[in-house]
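The residues making up each chain are set out below.
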Amino acid sequence: MIEEDSLKRVIRKALSSGGDFAEIFIEDKDELNIKCSGGTISGITTVRIRGAGIYLLCGLKSVYVFTNDLSLTGLVSCAERASELLNESAGDLVGDTNFSLQKATNPNRFEIIPSSVGHEEKIRVIRETERAARSAGGKLRQLNVDYFDTDQKVLIFNSEGLHSEDRRITSRLRLQATVEVGSHSKYEWGDFTRPQGFEAFRTKNDYTSFAKDFIVDMEEDLKSSPVKSCAVPVIFEAGPCGTFWHETCGHQLEASAVSRNASDFAGKVGQVVASEKVTLIDDGTIPGLYGSTAIDDEGFPTQKNILIENGVLKGYLCDRLCGRRLGIPSTGSGRRQGYSYAPAPRMNNTYLDHGKDDDDEIIRSVDEGLFVKRLGGGTGGREFSIAVSEGYWIKDGKISHRLRSGFVLNGRGIDMIKKVDMVGSDLKTDSGGFCGADSGLCPVTSFQPRMRISLMSVGGEG
Amino acid sequence: MSFLEGYRRVLKNLPVSYSEAEVNVERRGSTVIKHANGEMIETRSSETAEIFVRVVDEKTGYAYTQDLDEEPNYVLLRALNNSQFVERLKNDRLNGYSVSRKVSDSSRNSDLDIPSMKAAAKKLEETVRLVDSNISSIAVEICAEKQRRNVVNSYGLDVESSMDLYSVTATVMAERNGEQYDASYYESTSRLEDIDLEKFKERISASLNHQYDAGEMQTGLYTVLLDSTVVTNIMMTAWQLFSGLKYGDGSSALSGKLGQALGSSCFSVTDSPSHELTGYHYEFDCEGTPSREERLVDGGRLVGLMHNIASANRLHTSSTGNAGRYALLSGSIPTDIIITPKIVHVEPGSKSVASLLEEMGEGVYITHSYDVFHSINIGSGGFSIPCRGTVIRNGCEDCNVTGLTMSGRLTDLFSRVRAAGNDLYIEEFLRKSYCVGAPSLLIEKLQINGK
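Keep in mind that what you see is a predicted model, and the values were worked out from it rather than measured.

Asks: How would you sum up helix α3 (residues 119–134) of chain A? Please name residues and give values.
Replies: Across its 16 residues, α3(A) extends 22 Å between first and last C-alpha, which sits within 8% of the 22 Å expected from 1.5 Å per residue. Within the span of α3(A), buried status applies to H119(A), K122(A), I123(A), V125(A), I126(A), E128(A), T129(A), E130(A), A132(A) and A133(A). Its buried side turned inward, α3(A) meets β1 (21–37), β2 (40–58), β5 (139–158), β6 (162–181) and α4 (204–223) of chain A together with α2 (72–83) of chain B.

Asks: Lay out the sheet that holds strand β14 (residues 349–352) of chain A with the relevant residues and their values.
Replies: Residue and element names in this part refer to chain A. One open sheet accounts for 6 strands, arranged β11-β10-β9-β14-β21-β20; its pairing is mixed. Strand pairing shows two members of the sheet lacking a second neighbour, β11 (312–313) and β20 (433–437), which therefore form its edges. With respect to the sheet, helix α5 (residues 243–250) is in contact with β9 (280–283), β14, β20 and β21 (440–447), its orientation differing from that of β21 by roughly 120°.

Asks: Go over the sheet that holds strand β13 (residues 343–346) of chain B with me, naming the residues and quoting the values.
Replies: Adjacent strands of a sheet pair through backbone hydrogen bonds, lying either parallel or antiparallel. All names here are of chain B. Taken in spatial order, the 6 strands of this open sheet run β10-β9-β8-β13-β19-β18, and their pairing is mixed. Each edge of the sheet is formed by a strand with only one pairing partner; in this case those strands are β10 (301–302) and β18 (425–429). Summarising the sheet, strand β8 (residues 269–272) and strand β9 (residues 294–298) pair through 3 bridges and their orientation is antiparallel. Bridge assignment links V269 to a residue of β9, and that residue is V297.

Asks: Run through the packing of aromatic side chains, naming residues and quoting values.
Replies: Under the counting rule described, the total for this entry stands at 24 aromatic pairs over all chains. Ring geometry for F99(A) and F157(A): centres 5.1 Å apart, planes at 70°, overall edge-to-face. Within this pair, whereas F99(A) is found in the loop between α2 (72–86) and β4 (100–101), its partner F157(A) is found in strand β5, the two being separated by 58 residues in sequence. By relative accessible area, F99(A) is classed as buried at 11%. Measuring from ring centre to ring centre gives 4.3 Å for F267(B) and F414(B), while their planes differ by 15°; the resulting arrangement is stacked. Of this pair, F267(B) sits in the loop between α6 (244–249) and β8 while F414(B) sits in helix α10 (residues 410–415), placing them 147 residues apart in sequence. Of the two residues, F267(B) and F414(B), neither departs from the other in class, the shared state being buried. A connected cluster of aromatic rings, assembled from ring pairs, spans Y147(A), F192(A), F198(A), F201(A), Y207(A), F210(A) and F214(A). Lying across the ring of F192(A), R194(A) places its NZ or CZ 4.0 Å from the centre. Above the face of the F52(B) ring, R325(B) is positioned so that its terminal group lies 3.9 Å from the ring centre.

Asks: Tell me what's going on with the interface of chain A and chain B, and back it up with residues and numbers.
Replies: On the side of chain B, 69 residues touch chain A, which itself brings 68 residues to the contact. Both sides of the chain A and chain B interface together cover about 5500 Å² of buried area, and 46% of this is carbon and sulfur. Run the count over chain A and chain B and you get 5 salt bridges. Linking R127(A) and E87(B) is a salt bridge whose minimum nitrogen-to-oxygen distance equals 2.0 Å. Ranked by the residues each element gives to the side of chain A that touches chain B, the list is headed by β2(A), at 11 residues. For the side of chain A that touches chain B, the class distribution of residues is 21 nonpolar, 28 polar and 19 charged. As judged from the 6 bridges shared by strand β3 (residues 61–67) of chain A and strand β2 (residues 39–56) of chain B, these two strands associate in the parallel manner. Residue V63(A) lies in a different strand from β2(B), and its bridge partner there is T43(B).

Asks: Could you give an account of the environment of T129(A), naming the residues involved and the relevant values?
Replies: Relative to the helices and strands, T129(A) resides in helix α3. Sequence-distant contacts of T129(A), defined by excluding residues within four places in its chain, comprise V145(A), L173(A), L175(A), Y207(A) and A211(A).

Asks: Can you explain the confidence of the model for chain B? Please cite residues and give values.
Replies: Residue and element names in this part refer to chain B. Mean pLDDT over chain B: 89, with 92% of residues reaching 70 or higher. Least confident of the elements in chain B is helix α9 (residues 372–375), whose mean pLDDT is 70; most confident is β8, at 98. This stretch, residues 106–110, has a pLDDT under 50; its non-local contacts, to residues over four places away or in other chains, come to 13 contacts. Interface predicted TM-score (ipTM) for the complex: 0.82; the corresponding pTM is 0.88.

About the thresholds
Residues numbered from 1 in each chain as written. Chains lettered and ligands numbered in written order. Predicted model: local features only at pLDDT ≥ 70, side-chain atom pairs only at ≥ 80, totals over all residues. Heavy atoms only, no water. Helix = DSSP H or I, 4+ residues; strand = E, 2+ residues; numbered from the N terminus. Expected span 1.5 Å × (residues − 1). Buried < 20%, exposed > 50% of the residue type's maximum accessible area, 1.4 Å probe, protein only. Contact = heavy atoms within 4.5 Å. Pairing = 2+ DSSP bridges. Axes fitted to C-alpha atoms, helices over the stretch in contact; angles between N-to-C directions. Phe/Tyr/Trp six-rings, centres within 6.5 Å; stacked < 30°, edge-to-face > 60°. Lys NZ or Arg CZ within 6 Å of the ring centre and 35° of its normal. Buried area = accessible area lost by both parts, 1.4 Å probe. Salt bridge = Lys/Arg side-chain N within 4 Å of Asp/Glu carboxyl O. Nonpolar A, V, L, I, M, F, W, Y, C, P; charged D, E, K, R; others polar. pLDDT = per-residue confidence, 0-100.

Given below as structure tokens:
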């Protein structure tokens, strides 16, 4: 533990040649990874991450310096480097900062700390997952099951006297398989993610059914038929199809995109930007979700942020620096993978709020169209693209046959969200995954109720 | 690097409970400046060291730390404890070379000159601003990077390589008829004075011009010119086809096809330790195996694979110096030794883009593509990649089109390469651990889905 006096010294040093704000972010993280390849435990790695970043702001300018030398000498040298890089005229004499701990409770409760459980128990979970995947039938050309747990502790101190802490624990299984059906084969990966300690594996059926479904789904996908290119109504199923919102407008609602004029939503607060059926929210406080934390990585408590309400743009996701650039307060959205990244505005748990339309009627309303049950990854910006992992054709108001995955939906986000014409009443969450952007990989979720887009281009196979 | 001396001492006198051990230290220092609209807005700097430990007895165990104060003995013990649970026997073999230290030239950029970086950023910003009157904002990022890698093992291997270079990216925002557009271009170089300003102008101007006033296009089979950035984007994922690990376990669409024809005679792929078009160069991989040039596809025939020691042993061949750690789409610290390229690239041809367009006559010039990570399946080779481009008539650019998806199978794509351009483009990738590159490729027929 670094002494408080040492931290004060580091802050003073960082601000010694100018700057109006300094922050020290300290990370101490342990990870465990167990790999099972082809039925045998093929590798186990323990990981220890330890380092600190010093963040210096001067008006709208920022400097970020990081190191994994946590000695006082290392931190002071880091602060000196930050001060040199800012290179402003001499700053005001900085007095002593008195840190005051601001407690915030992580919405995710941890019962069994991963390090308290031996490797044997974790290997048992892998074995059960492996067996479940192999029992699902299908010709498995290759199967890997990897186990991960992480225990990240963050400490934040800043020149405004803030001292804040958070502990984030996650558990994850990653399945990678190559499945063959006839002359066709495909490779796929899928994650079972939980913002929990080892209690995530208390109910065997949770992870074994995930593994079975993963293989069965690959097999069914290989037997399905390709979709032709078309423009049709598209229904996105409740739950994980929230990736649509993450990619179509979530990234563009991050204040970093807005402040560099890379967003179609820039300058449109108060204006209608989407169908009136759309109320879009990002909320880092929801218990049990992968994207929830007590505080963001600048020490602000996470909060519920309404981004679009009944089609009207209400605000952006903001960190401290972008807040300065746009003249708005932080929304508790300054996030980073760890000490080796400066904070940036990022999503936590992004969701489309429920509507009033009947879920069955949404399907019945389509004569011919696409039903998307699950989305894969994607990219966002002004133009988005998302891969469909599980899609079905709708014929005469009924779900007909499955479509071969791999096709993508793409378009311009701000145009697409104007075409939302039905939103169901049953909001379902999702287990979440990682979002990769400027400040590294952050755990997120995105979810929604069942929703219909009146017309969308589908990039098929002919 | 005093902590490394501690590890060297332990490796020299390895306790009897260990048969072999290896320590790989990756040390990075970087300074990044971001210049936007006439002023410096952001600076980042770092000095970090990562220590990867592998111990092999009957089994292999790994440990990783960034805690420089951790006792080397303790870190090795963690790895040894982990190995007790491993079931795969004698899988990992350490590098048996007994090579003493070798330091590559790292003096070029050793005294970091921030004023020169600022001046270069300013000059690039001014240059780029002139390319298009619709440009509303510009950001230039210059990263000065120093990387040093050590691999030391209990056999006496003790190698060191280092690399100093600059990565330069310019990103512009433009506004035309109320619509917003963006474009960017990237280059890496060993010296700031080598930044190719003309190339930045040319590529950013072309990128913007290929986006303006885009319309739609009918679905169909088209003759297509894939821009070098588009082919590079595809290769960012498609290089995994040539991974010896994926080939060996059947998860590459090319598994079992070594020696067979998979592409046209105009299609060749090489993995090189260095290239004149980039400041990156790789002397050793993370197992200490010397890097060498490896031809993977020669005139359309699959002739080589990328190997680390384990994958090479499995296929009874030798490592090609492709042991790496950074996997695509992995959310964890890359402690495992996998296979990664060095500078993997499609070999260029002799024709300019203009002459390839002329040769194409009628078709589509695909100028931008997005999201190849999720839209290429390495196991099946299938792809469905969102993209945009420009319709070509009589060998000339006619109109821009967007909302497209190109789809097919990678092997079909490779077999339909009619010509490769002379415009090889190389980009760094995945925490700068390797580079990927390609020239523009003229493709006989490709399914393009539009309206």
